[in-house]
Amino acid sequence: MPLLVMKFGGTSVADLDRIRKVAEKVQAEVDRGYDVIVVVSAMSGKTNELVGWVEATSPLFDAREYDAVVSSGENVTAGLLALTLQERGVPARSWQGWQVPIRTTSQHSAARFVDIPRDNIDAKFAEGMKVAVIAGFQGLSPESRITTLGRGGSDTTAVALAAAFGAERCDIYTDVDGIYTTDPRITSKARKLDRIAFEEMLELSSLGAKVLQTRSVELAMRYKVRLRVLSSFEETDENSGTLVCDEDEIMESKVVNGIAYSREEAKLTLVTVEDKPGISAAIFAPLADAGVNVDMIVQNISEKDYGDRPGSVTDMTFSCPVNQVARARKAMEEAREAGTIQYDELIVDTEVAKVSVVGIGMRSHAGVAARAFKSLADENINIKVIATSEIKISVLIDRKYMELAVQALHDAFELEQA
Ligand code: ADP
Ligand code: ASP
Ligand code: MG
């Protein structure tokens, strides 16, 4: 039997009515002759609520218990969808991650797949089951604890299953009808793309476009999974949505194809650290150990003369997600107490956001950065930190200007026009 993987996100399973709509879409594929693996998220808002409960109970929580709690939303929707399918006469059953088992590493809340044995699910398909409903986002560690794959992780569950089962396609059903040049919630000028290259999608995702989890794109690229994003609310067919594919499957491409943003960023500056070999390692190792995901890093030499501090000093600026600031501060204070680093002050700005311009065409076109900076300057938006790579330019700016910056950049690169 040909096999399809279909994934439904939080808004697509937000209530029993929507779950019925999902069941209709799944049944339509069964009627077309497919065996189907369905991956579901928690009902929309549920995971946030669970995260809130954990944080309110224990601010610097034990990550294993965090995963035990926040993974539970998916269990409910998996069971409900299996029941809904059964009510429609479709042979279906649910699986939680550990039952498959979806084996992962033990990096809690950021676990990676180790192995997904097919036997259990294959055996049920062989017995005549048509739909395997699998709780997304969760797995099982070598220590037999429940793990989660990071926010948005159900996308990655879906792609991993598509790879493991050699699915014909992995369809990600969501609340938008495809991948756009930027988040359509930020500007109505955003344009839907028919196709997008893996590499561009990888950058957009890792820079904040949450329509697909970064790892899901990475896996699809590595295992050559045909990955598609489409609407769970509209009628769809084989040509609906956006296909994520190899660069050479795309005829026309612009220099810049997308703008991403990440709203909840923080900028931290260690003022007057010693400028000597090993200082970066002394700062960033404890941050990594504390689970802080450092993103941009800038080291700028202080011109000021610090008479009481022998040797030259430097300021070290880095960014991380806002909700990791407490961990970062603690890690830095502990390192200072232990004497491995010295600094006068830790300045924290929790009111920043990151906006990024992405395009494969940047590899061969000059002037993209200048054009981006000019468009921000025209809106009087001050750039606090800049980072570039081969196919992206990112800037850290005041959060209150984030939407404006996205719109200005979208206009500057004429993304509205195909
Ligand atoms: P789901 O719950 O289905 O996983 P998500 O909320 O994770 O859905 O992802 C879908 C959302 O991603 C859309 O509602 C949209 O606001 C946002 N988004 C961000 N960037 C883009 C983009 N470039 N194209 C489409 N959607 C985007
Ligand atoms: N429910 C999880 C989250 O909200 C996983 C997912 O939806 O993909 O992040
Ligand atoms: Mg998602």
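Predicted, not measured: the structure shown is a model, and the values here were computed from it. (Residues numbered from 1 in each chain as written. Chains lettered and ligands numbered in written order. Predicted model: local features only at pLDDT ≥ 70, side-chain atom pairs only at ≥ 80, totals over all residues. Heavy atoms only, no water.)

Engineer: Sorry if this is basic, but what is going on with the overall build of the chain here?
Structural biologist: In terms of regular secondary structure, the chain is built from 12 helices and 18 strands. Its C-alpha radius of gyration of 23 Å places the chain within 12% of the 22 Å reference for a compact globule of 418 residues. Taken along its principal axes, the extent of the C-alpha atoms in the chain is 80 × 50 × 35 Å. Among the 418 residues that make up the chain, the fraction classed as buried is 51%. When contacts within the chain are restricted to residue pairs at least 6 apart in sequence, those whose partners lie at least 24 apart make up 75%. Put simply, the chain shows about 19,100 Å² of open surface, and 47% of that area lies on carbon and sulfur atoms. (Helix = DSSP H or I, 4+ residues; strand = E, 2+ residues; numbered from the N terminus. Rg over C-alpha atoms; globule rule 2.2 N^0.38 Å. Buried < 20%, exposed > 50% of the residue type's maximum accessible area, 1.4 Å probe, protein only. Contact = heavy atoms within 4.5 Å. Areas by Shrake-Rupley, 256 points an atom, 1.4 Å probe, with all protein chains shown as cover.)

Engineer: Looking at this structure, I do not really get the nonpolar core. What am I missing?
Structural biologist: Core analysis: the biggest nonpolar cluster contains 42 residues, and Val5, Ile37, Cys170 and Leu212 have the highest contact counts within it. The dominant element in this core, judged by the number of residues it contributes, is helix H6 (residues 154-164), at 5 residues. Those residues in contact with Cys170 that sit more than four places away from it in its chain are Val5, Ala158, Val159, Ala162, Val225, Arg226, Leu227 and Arg228. Residues Leu4, Met6, Leu81 and Ala135 belong to the second largest nonpolar core, which totals 24 residues. (Core = buried A, V, L, I, M, F, W, Y, C linked by side-chain atoms within 4.5 Å.)

Engineer: Help me out: how do you make sense of the site of ligand 2 in this one?
Structural biologist: Taken together, Ser41, Ala42, Thr47, Glu74, Phe137, Arg151, Gly152, Gly153 and Ser154 make up the full set of residues near ligand 2. One of the side-chain N or O atoms of Glu74 is found 2.6 Å from a nitrogen atom in ligand 2. One nitrogen or oxygen atom from the main chain of Ser154 is found 3.0 Å from an oxygen atom belonging to ligand 2. Its residues placed into classes, the shell around ligand 2 shows 2 nonpolar, 5 polar and 2 charged. (Near = heavy atom within 4 Å. Polar contact = N/O pair within 3.5 Å; in protein donor to acceptor, adjacent residues only side chain to side chain. Nonpolar A, V, L, I, M, F, W, Y, C, P; charged D, E, K, R; others polar.)

Engineer: Honestly, the site of ligand 1 in this entry has me stumped. Any pointers?
Structural biologist: Neighbouring ligand 1 are 16 residues; Thr174, Asp175, Tyr180, Asp183 and Arg185 lie closest to it. In the environment of ligand 1, a nitrogen atom lies 2.9 Å from a nitrogen or oxygen atom belonging to the backbone of Tyr180. Contacts to ligand 1 include Lys210, whose backbone N or O atom sits 3.3 Å from an oxygen atom. Taken by itself ligand 1 offers 570 Å² of open surface, and the protein chains cover 90% of this. A class-by-class count of the residues in the shell around ligand 1 yields 6 nonpolar, 5 polar and 5 charged.

Engineer: Before we go on, may I ask you to explain the pattern of salt bridges in this structure?
Structural biologist: Close approach of charged atoms allows side chains with opposite charge to pair. According to the stated counting rule, one finds 27 salt bridges in the structure shown. Taking the shortest distance from any N to any O, the salt bridge between Arg195 and Glu249 comes out at 3.7 Å. Of the two residues, Arg195 sits in strand S10 (residues 195-197) while Glu249 sits in the loop between strand S12 (242-245) and strand S13 (258-274), which places them 54 residues apart along the sequence. For Glu249, a relative accessible area of 29% translates into the label partly exposed. In this structure, Asp398 and Lys384 form a salt bridge, with 2.9 Å as the shortest nitrogen-oxygen distance. Here Asp398, found in strand S18 (residues 392-398), pairs with Lys384, found in the loop between helix H11 (368-378) and strand S17 (385-389); they are 14 residues apart in sequence, far enough to count as distant. Residue class for Asp398 comes out partly exposed when judged on its relative accessible area of 23%. If you follow the salt bridges from partner to partner, you end up with Glu199, Glu247, Arg363 and Glu390 in one network. (Salt bridge = Lys/Arg side-chain N within 4 Å of Asp/Glu carboxyl O.)

Engineer: What should I look at first to understand unusual backbone geometry in this one?
Structural biologist: Among all residues except glycine, the phi angle is most often negative; among peptide bonds, the trans geometry is most common. Backbone torsion omega between Val100 and Pro101 reads -10°, so that peptide bond is classified as cis. Within the secondary structure, Pro101 sits in the loop between strand S3 (92-95) and strand S4 (103-104). A positive phi angle, near 65°, is found at Ser144, a position not held by glycine. Relative to the elements of secondary structure, Ser144 occurs in the loop between strand S7 (138-140) and strand S8 (146-148). The exposure class of Ser144 is exposed, given its relative accessible area of 55%. A positive phi angle is found at Glu414, which is not glycine, with a value near 50°. Checked against the element boundaries, Glu414 lands in the segment after helix H12 (402-412).

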